[in-house]
Amino acid sequence: MSTLTTPAPDTTAAPLRIGPHTVAPPVVLAPMAGITNAPFRTLCREFSGGKGLFVSEMITTRALVERNEKTMQLIHFDATETPRSIQLYGVDPVTVGKAVRMIAEEDLADHIDLNFGCPVPKVTRKGGGSALPYKRHLLRAIVREAVTGAGDLPVTMKMRKGLDDDHLTYLDAGRIAVEEGVTAIALHGRTTAQHYGGTADWDAIARLKEHVPEIPVLGNGDIWSAEDALRMVRETGCDGVVVGRGCLGRPWLFADLVAAFEGRTDAFVRPTLREVADVMVRHATLLGEWIGDEARGVIDFRKHVAWYLKGFAVGSEMRKRLAITSSLEALRAGLDELDLDQPWPTGADGPRGRTSGNNRVVLPDGWLKDPYDRAGVGADAELDTSGG
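Reading the values: rules and limits
Counting from 1, residues in each chain are numbered in the order their sequence is written. Totals for whole chains, interfaces and linings use all residues, but because this is a predicted model, local features are given only for residues with pLDDT of at least 70 and pairs of side-chain atoms are given and counted only at 80 or more. As a rule here, side-chain values come from all non-hydrogen atoms in the structure, and water together with hydrogens is ignored. Put simply, DSSP H or I for four residues or longer makes a helix, DSSP E for two residues or longer makes a strand, and each gets a number counted from the N terminus. A radius of gyration in this sense is built from C-alpha atoms; the matching globule rule multiplies 2.2 Å by the number of residues raised to 0.38. Here's how the labels work: a residue is buried when its accessible area is under 20% of the maximum for its type, exposed when over 50%, partly exposed in between, all with a 1.4 Å probe on protein chains only. In this analysis, two residues are considered to be in contact whenever any of their non-hydrogen atoms come within 4.5 Å of each other. Method for areas: the Shrake-Rupley scheme with a 1.4 Å probe, in which residue coverage is limited to the protein chains shown. Think of it this way: Lys and Arg go in the positive column, Asp and Glu in the negative one, and His and the chain ends go nowhere. For charged residues, the charge sits on one atom: NZ in Lys, CZ in Arg, CG in Asp, CD in Glu. Salt bridge criterion: a side-chain nitrogen from Lys or Arg within 4 Å of a carboxyl oxygen from Asp or Glu. Any two strands are treated as partners once DSSP identifies two or more bridges connecting them. Axis definition: a line fitted to C-alpha atoms, limited for helices to the stretch in contact. Angles are taken between N-to-C directions and run from 0 to 180 degrees. Within 3.5 Å is the distance limit for a polar contact, defined as a pair of N or O atoms, with the added protein rule that one can donate a hydrogen and the other accept it, and that residues adjacent in sequence qualify only through two side-chain atoms. Here the angle decides the label: under 35 degrees means roughly parallel, over 145 means roughly antiparallel, 65 to 115 means roughly perpendicular, and every other value means oblique. For any helix crossing, the convention is left-handed if the near helix is rotated counterclockwise from the far helix by under a right angle, and right-handed if that rotation is clockwise. By definition, the crossover connecting two strands over a helix is right-handed if that path, from the first strand to the second, turns clockwise as seen with the strands pointing away from the viewer. Any pair of Phe, Tyr and Trp rings, taking the six-membered ring for Trp, is counted once the centres come within 6.5 Å. Such a pair is stacked with planes under 30 degrees apart, edge-to-face with planes over 60 apart, and tilted for the rest. Multiplying one less than the number of residues by 1.5 Å gives the expected span of a helix. For this classification, the nonpolar set comprises Ala, Val, Leu, Ile, Met, Phe, Trp, Tyr, Cys and Pro, the charged set comprises Asp, Glu, Lys and Arg, and every other residue, Gly included, is treated as polar.

Engineer: I'd like a description of the overall build of the protein chain, backed by residues and values.
Structural biologist: Per the secondary structure count, the protein chain includes 15 helices and 12 strands. Taken over the C-alpha trace, the protein chain has a radius of gyration of 20 Å; the compact-globule value for 388 residues is 21 Å, and the two agree within 12%. With the C-alpha coordinates aligned to their principal axes, the bounding extent of the protein chain is approximately 60 × 45 × 40 Å. Out of the 388 residues in the protein chain, the part that is buried amounts to 60%. Restricting the contact set of the protein chain to residue pairs at least 6 apart, pairs at least 24 apart contribute 75%. By element, 49% of the accessible surface of the protein chain is carried by carbon and sulfur atoms, the whole surface being about 15100 Å². The averaged location of the 52 negative side-chain charges in the protein chain is 3 Å from the averaged location of its 45 positive side-chain charges.

Engineer: An account of the pattern of salt bridges is requested, with residue identities and associated values reported.
Structural biologist: Tallied over the full model, the rule gives 28 salt bridges. Of the charged contacts in the structure, one is a salt bridge between Arg-332 and Asp-336, with a shortest N-O distance of 3.3 Å. Within this pair, Arg-332 and its partner Asp-336 are both found in helix 15 (residues 328-336), separated by four residues, close to a single helical turn.

Engineer: Kindly report on the sheet that holds strand 6 (residues 85-89), identifying the contributing residues and their values.
Structural biologist: Taking strand neighbours around the barrel as the criterion, the eight strands line up as 4-5-6-7-8-9-10-11 in a closed arrangement whose pairing is parallel. Within this sheet the neighbouring strands show an average axis-to-axis angle of 25 degrees, counted without direction. Relative to strand 11 (residues 240-243), strand 4 (residues 27-29) is paired through three bridges, and the arrangement is parallel. For Val-28, the partnering residue across the bridge sits in strand 11 and is Val-242.

Engineer: Explain the environment of Gly-198 to me, using residue names and the numbers behind them.
Structural biologist: Within the secondary structure layout, Gly-198 lies in the loop between strand 9 (184-188) and helix 8 (202-211). Each C-alpha atom, one on Gly-198 and one on Val-361, is 16 Å from the other, the two residues being 163 residues apart in sequence. Contact partners of Gly-198, with chain neighbours within four places excluded, come to Arg-190 and Asp-222.

Engineer: Residues and numbers for the side chain of Ser-48, please.
Structural biologist: With respect to the helices, strands and loops of the structure, Ser-48 is situated in helix 1 (residues 38-48). By relative accessible area, which is 4% here, Ser-48 ends up buried. Within the structure, Ser-48 has its side chain in polar contact with the backbone oxygen of Lys-51 (distance 2.8 Å). Ignoring anything within four residues of it in the chain, the contact list for Ser-48 reads Phe-54, Phe-254, Ala-255 and Val-258.

Engineer: With reference to specific residues and values, describe the packing of helix 6 (residues 136-150) against helix 7 (residues 170-179).
Structural biologist: With their axes 10 Å apart at the nearest point, helix 6 and helix 7 run at an angle of 30 degrees to one another. On the basis of the axis angle, helix 6 is roughly parallel to helix 7. Once helix 6 is placed against helix 7, the crossing between them reads as right-handed. Residue-level contacts link Arg-136, Leu-139 and Arg-140 of helix 6 to Asp-172, Ala-173, Ile-176 and Glu-179 of helix 7.

Engineer: Explain the pairing of strand 10 (residues 217-220) to me, and be specific about the residues and the numbers.
Structural biologist: By the alternation rule, side chains of strand 10 split into Val-217 and Gly-219 and Leu-218 and Asn-220, which are all buried. Pairing between strand 9 and strand 10: four bridges, direction parallel. From the neighbouring strand, Leu-187 faces strand 10, where its bridge partner is Gly-219. Crossover strand 9 to strand 10 through helix 8 is right-handed. Examined bridge by bridge, strand 10 and strand 11 share three bridges and lie parallel to one another. If you follow Leu-218 over to strand 11, its bridge partner there is Gly-240. Where the polypeptide runs from strand 10 across helix 9 (residues 226-236) and back to strand 11, its parallel neighbour, the crossover connection is right-handed.

Engineer: Describe the packing of aromatic side chains, and please don't skip the residues or the numbers.
Structural biologist: By the definition in use, this model includes six aromatic pairs. Seen from their ring centres, Trp-252 and Trp-344 are 5.9 Å apart, and the 85 degrees between their planes marks the pair as edge-to-face. Here Trp-252 is found in the loop between strand 11 and helix 10 (253-261), whereas its partner Trp-344 is found in the segment after helix 15, with 92 residues between them in sequence. The pair Trp-252 / Trp-344 is uniform in exposure class, with both members buried. Pairwise contacts between aromatic rings join Phe-47, Trp-252, Phe-301, Tyr-308, Phe-312 and Trp-344 into one cluster.

Engineer: Give me the lowdown on helix 7, citing residues and values where you can.
Structural biologist: Those residues of helix 7 not exposed but buried are Tyr-170, Ala-173, Gly-174, Ile-176, Ala-177 and Val-178. Along its buried surface, helix 7 packs onto helix 6, strand 8 (155-160), strand 9 and helix 8. Phi turns positive one or two residues past the end of helix 7, at Gly-181, with a value near 95 degrees.

Engineer: Which residues make up helix 11 (residues 273-291), and what values go with them?
Structural biologist: If you check helix 11, its first and last C-alpha atoms are 27 Å apart, about what 19 residues at 1.5 Å a residue would give, namely 27 Å. Among the residues of helix 11, Leu-273, Val-276, Ala-277, Val-279, Met-280, Val-281, His-283, Ala-284, Leu-286, Leu-287, Gly-288 and Trp-290 are the ones counted as buried. Residues of helix 11 that are buried in the fold lie against helix 1, strand 5 (53-60), helix 3 (69-74), helix 12 (294-301), helix 13 (305-309) and helix 15. Two residues or fewer past helix 11, Gly-292 is found with a positive phi of approximately 95 degrees.

Engineer: Kindly report on the packing of helix 1 against helix 11, identifying the contributing residues and their values.
Structural biologist: Two elements in contact, helix 1 and helix 11, have axes separated by 8 Å at closest approach and are oriented at 135 degrees. Taken together, the axis directions place helix 1 and helix 11 in an arrangement best described as oblique. The interaxial crossing formed by helix 1 with helix 11 has right-handed handedness. Two secondary-structure elements touch here, helix 1 through Ala-38, Pro-39, Phe-40, Thr-42, Leu-43, Glu-46 and Phe-47 and helix 11 through Val-279, Arg-282, His-283, Leu-286, Leu-287 and Trp-290. Taken together, the residues of the contact of helix 1 with helix 11 break down into nine nonpolar, two polar and two charged.

This is the structure:
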């Protein structure tokens with residue numbers, strides 16, 4: 001792929017330690033439901049040269065304990081993936097403990113991340129996701145069970161600032177994490193109310209780093225380019241970055257991130273449309289191989305089409321056509337009709353994915369009355385949905 005020469009970046013980020021694992025450079029792929037499956041992780045890892053940490057899709061603990069067929073497929077790792085990283089989402093301390101012990105005893109992963117960042121209303125209205133850290137004692141009980149059950153496996157956690165600007169929880173949650181033996185914390189600099197809208201609050205990441213100097217703090221939110229990642233580290237003092245929506249349709253962003261943190265000035269990837277098309281076909285092919293059915297793989301790939309083509313001169317009718325293909329042959333044929341010699345478009349590195357914000361936070365009745373009430377959360381709060 002073509003590259004772009006840039007000024008030498010200035011970064012002082014050291015390798016990230018996650019228990020016995022060294023992550024260098026300190027770059028982590030954020031779990032995203034329906035996105036960060038094994039095929040997408042393979043693409044990102046190939047572009048990074050195997051450097052960084054690539055986390056699975058979010059796995060619900062109840063489904064794992066029950067050995068749900070789809071869930072068991074989602075936790076399958078390629079032989080080249082190391083360390084194997086699973087993100088768990090759970091609302092019941094006992095179930096979380098069972099899931100973590102299952103992972104440890106059956107050698108299903110090398111690292112466990114706990115999700116407390118999901119802002120989706122159908123989850124928060126049941127007290128799950130980013131609503132849960134408001135209940136400090138329940139949060140502590142879940143984290144304690146996870147760390148205890150994990151044995152020698154390192155446990156990390158990902159969270160948001162809080163419910164809204166009037167109900168911030170991240171400093172208390174960070175202190176609980178340290179006290180219960182969590183290895184590292186990732187903070188998405190938005191509240192539940194913001195969802196993915198507005199601007200991520202990097203100052204909050206800096207405050208959390210000052211508040212819990214005992215363990216690494218990773219920053220998440222509004223990292224659309226390698227330059228953004230370096231700037232976050234410089235401005236917040238965080239120990240690493242977690243990249244989510246910034247790599248949608250841009251798996252080569254991990255090549256840029258590695259180059260930036262290693263101080264290389266001539267390795268930023270700026271692919272032509274021909275090179276992007278080749279990656280698209282490979283992505284769809286990997287999905288078909290993973291699912292075991294070419295058509296289903298191409299259908300699953302459809303959601304990625306607009307992200308890959310953002311910024312390129314592709315007519316609306318062709319975009320629609322490519323987004324309804326159901327075979328690799330049709331996908332390749334459609335792409336071959338484009339002007340594949342187009343260079344990387346200016347301004348193509350901007351926001352992608354969901355951007356809604358200023359949402360009303362939906363919570364269980366009486367949820368805000370007592371932040372220390374260890375009220376149980378119903379099993380229906382465990383839904384397969386996005387990370388956060």
